[in-house]
Amino acid sequence: MKKILVILIVLVTGVSFMAYLYFSKLNTENNEKDLALQSATNNAALIFAFQNDKSFYQIIEGQSLIQQVLGNQKSNLLKALKLYFIQDAALNNSIANQEIYLSILPDEEKELNFLITVQLQPDKKVQNIYTILKSKYLIDDQGNDVFKIKLNDSLSIFFGTKNQVITASTSKKLVIDAAVRLAENPFTEYIKQNNTYNKNVLGQIYINFNKTPLLLQNIIAGKLNGEISIFDKQNSYASLNYNFSKEKILFNGTTELKSTDNYLKLFEKVPNQTIYITNILPSNTANYNLYAFDNYENWRKKLITWQTNFDDEKKVSKTIDEVKSDYRVDLNSIFNTYTKNQFICFQLSTAEKLGAISLSNGEKVKQLLLDVSADYNEEIKIFKQSDVLYAFFGTPLKKFARPYYTIIDNNLVFANNASTVQAFLNSYKNNKLLINEASYLDAMNLVSTTSNLSFFINTNNSKDIFKENVLSPYYKHLRADSGLKSFDTFYYQMSADGNKFITNLLLNKYLQSEIPDTLRNR
């Protein structure tokens, strides 16, 4: 019996030891495979990943829209790198079929720059790459495995080597920073878990919303406030597949919200809704943020829990109690009963900001709010109490502390100035609406008619807003014919699917159908 026991112990110990060695080796190999990804994700907000094969370059060369988005300078840089490295058989042999990461990072002097990261094939050596480059180009050793390579009279790049990873950029700072690989990086882990590469996917874009403020600070003049504040302090990520098209730039995939205190978490696990509140928007709408749920009363329970976590619940209760005490109006019975299933914040080309809430019975709500409202004119009222809308809808409506409002066709529409509400009424009554614009309809036909969250920008209506808020070099690119001027719509759409959001990211250019000469002359 003792012999059997000893044999069993020896066998278990041996198996355990072998398993430990196997999984240790496996983990080491996996970590080595991830070295390029670790470098690419360091401080990156945006990463475009693609496989280094001929088919990718052949297809992408036919995508002139991508070149417009990047601009001439960055497009020419990528073309040069392709010419000097990818089309060089000796160099490309070391990275053939490897995944290439193109990171977009904030650089010095309010610039955005590229960092290109790729891992050599296991049987290739960095020294071989260095030898080939030295035989063809002038190389200046910058120290710490960083080299400056003069490719031609007008282009030099910095080239970093560490382990089996090569990094390249026109910025020395980005190459040096890429050599610092974080022991733990949630963005790296997220990409590893969401890498769904297959032959039908041309490329993937990964977004780290934790780092977008750093990126936007190099583009935006001032702080991240107003409509773009949605990108500030967002512990969330997106993984989107690129769909090739000569008419539009479209990515689709998923967005994940990691923080439990994220306001957008209130829309998780909520059935997608058919969107209709956008039908009231004026034709000169510059941007909007849209929110939709299936049942307001159930959604508000989640909102109250969220407000409690931020110690706002007492403030909200105080607002509701004061209205009931001072005006004998029970706001709970009004909003819980008559709020339908969506609300929206939008901004006009004049920079005026408004919001709207869909109602099931607008006339009834108009009557019930009379005692808590003061007249501005026959159609426009103003709340006597502050923070009413914030109490029932949270953060997006916080900026409308004591707004003027009107109720029309089962929609409560509000703004901080009476003149803004009047401008809305004029557009609505004269049928000057966004849904009548061909470019808007064209873009909406490319995305789902149902969602929970949508973020929209009409670039033409936003040009004056951009001029005031975007730094000069980027504004010039936005308005340049060779840049983004011809793109009319940016759309980020999220539809709840359990703990994730099915996501569409669209940058669209409306192309009017040409009328044949035979019809034009009739």
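In the block above lies the structure referred to throughout.
Residues numbered from 1 in each chain as written. Predicted model: local features only at pLDDT ≥ 70, side-chain atom pairs only at ≥ 80, totals over all residues. Heavy atoms only, no water.

**Quick word on the nonpolar core**
One finds Y263, F267, W299 and F343 to be the most contacted residues of the largest nonpolar core, which totals 102 residues. For this core, the element with the highest residue contribution is helix α5 (residues 72-86), accounting for 6 residues. When neighbours within four sequence positions are excluded, Y263 is seen to be in contact with Y291, W299, L303, W306, F343, F393, G394, T395 and P396. Counting 30 residues, the second largest nonpolar core, distinct from the first, contains Y288, L290, A356 and L506. (Core = buried A, V, L, I, M, F, W, Y, C linked by side-chain atoms within 4.5 Å. Buried < 20%, exposed > 50% of the residue type's maximum accessible area, 1.4 Å probe, protein only. Helix = DSSP H or I, 4+ residues; strand = E, 2+ residues; numbered from the N terminus. Contact = heavy atoms within 4.5 Å.)

**Things to note about unusual backbone geometry**
Glycine aside, residues mostly have negative phi angles, and peptide bonds mostly take the trans form. The phi torsion at K269 lies on the positive side, around 55°, for a residue other than glycine. For K269, the position within the fold is in the loop between β10 (248-257) and β11 (273-274). Given the relative accessible area of 61%, K269 is considered exposed. Backbone geometry places D387, a non-glycine residue, at a positive phi of 65°. Within the fold, D387 resides in the loop between β16 (381-383) and α15 (388-393). Judged by its relative accessible area of 18%, D387 falls in the buried class.

**Re the pattern of salt bridges**
Taken as a whole and assessed by the stated rule, the structure comprises 12 salt bridges. Of the charged contacts, one joins K173 and D177 as a salt bridge, the two residues approaching to 2.9 Å between their closest N and O atoms. A residue pair is termed a helical-turn pair when its members lie 3 or 4 positions apart in one helix, as K173 and D177 do in helix α8 (residues 172-178) at 4 residues. Assessed through its relative accessible area of 33%, K173 is described here as partly exposed. In this structure, the salt-bridge partner of K258 is E256, at a minimum N-O distance of 3.1 Å. (Salt bridge = Lys/Arg side-chain N within 4 Å of Asp/Glu carboxyl O.)

**Observations concerning the environment of F114**
Within the secondary structure, F114 sits in strand β3 (residues 111-119). On the basis of relative accessibility, which here comes to 4%, the residue F114 falls in the buried class. Distance from F114 to S171, taken between C-alpha atoms, is 8.2 Å for residues 57 residues apart in sequence. When residues no more than four places from it in sequence are discounted, the contact partners of F114 are L70, K74, L77, L78, L102, S103, I104, A168, S169 and L174.

**Some thoughts on helix α7 (residues 126-136)**
Along α7, the residues that are buried comprise V126, I129 and L133. Buried positions in α7, seen along its axis, are confined to an arc of 60° and lie on one side of it. In α7, those exposed residues whose orientation departs by more than 90 degrees from the buried face are Q127, K134 and S135. Lining the buried residues of α7 we find α5, α6 (89-92), β4 (138-143), β5 (146-150), β6 (156-162) and β7 (165-169). (Arc of directions from axis to C-beta.)

**Here we look at the pairing of β3**
Among the 9 residues that make up β3, 8 are buried, leaving the element largely enclosed by the rest of the structure. Here strand β2 (residues 99-107) runs beside β3; their pairing, made up of 8 bridges, is antiparallel. Residue pairing for β3: Y101 is matched across the bridge by T117. A loop of 3 residues connects β2 with β3, the two strands running antiparallel in sequence, and E109 in this loop sits at a positive phi of about 55°. In this sheet, β7 lies alongside β3 in antiparallel orientation, the contact comprising 4 bridges. (Pairing = 2+ DSSP bridges.)

**Some words on empty space enclosed by the protein**
It is the rolling of a water-molecule-sized probe over the atoms that shows where space remains empty. Enumeration over the complete set of coordinates arrives at 3 cavities of 30 Å³ or more. By volume, the second largest cavity amounts to about 40 Å³. Lining of the second largest cavity is provided by L77, L81, F114, I116, I157, A168, S169 and T170. At the level of elements, α5, β3 and β7 are the ones that each hand at least two residues to the lining of the second largest cavity. Class assignment of the residues belonging to the lining of the second largest cavity gives a composition of 6 nonpolar, 2 polar and no charged. (1 Å grid on protein atoms, 1.4 Å probe; cavity = no way out; pocket = protein on both sides within 12 Å on 5 of 7 lines; lining within 4 Å. Points joined across faces, edges and corners; volume = space filled by probe spheres on them. Nonpolar A, V, L, I, M, F, W, Y, C, P; charged D, E, K, R; others polar.)

**Remarks on the environment of T450**
With respect to the helices, strands and loops of the structure, T450 is situated in strand β19 (residues 450-451). The exposure class of T450 is partly exposed, given its relative accessible area of 23%. For T450 and S495, which are 45 residues apart along the polypeptide, the C-alpha to C-alpha distance reads 7.4 Å. Residues contacting T450, with those up to four places away along its chain left out, are N272, Q273, T274, Q493 and S495.

**Brief notes about the side chain of D34**
Within the element layout of this structure, D34 appears in the loop between α1 (2-33) and α2 (35-41). A polar contact of 3.0 Å, which involves the side chain of D34, links it to the side chain of K192. If sequence neighbours within four positions are ignored, D34 has contacts with Q119 and K192. (Polar contact = N/O pair within 3.5 Å; in protein donor to acceptor, adjacent residues only side chain to side chain.)

**Observations regarding the packing of aromatic side chains**
For the structure shown, the criterion picks out 37 aromatic pairs. Their ring planes at 35° and their centres at 5.7 Å tell us that F267 and Y291 sit as a pair that is tilted. Here F267, found in the loop between β10 and β11, pairs with Y291, found in strand β12 (residues 285-292); they are 24 residues apart in sequence, far enough to count as distant. A relative accessible area of 3% means that Y291 is categorised as buried. It is K398 that lies over the ring of Y390; its NZ or CZ is 5.4 Å from the centre. Of note, K509 hangs over the ring of F487, and the distance from its end group to the ring centre comes to 5.1 Å. (Phe/Tyr/Trp six-rings, centres within 6.5 Å; stacked < 30°, edge-to-face > 60°. Lys NZ or Arg CZ within 6 Å of the ring centre and 35° of its normal.)

Structural measurements only, silent on function.
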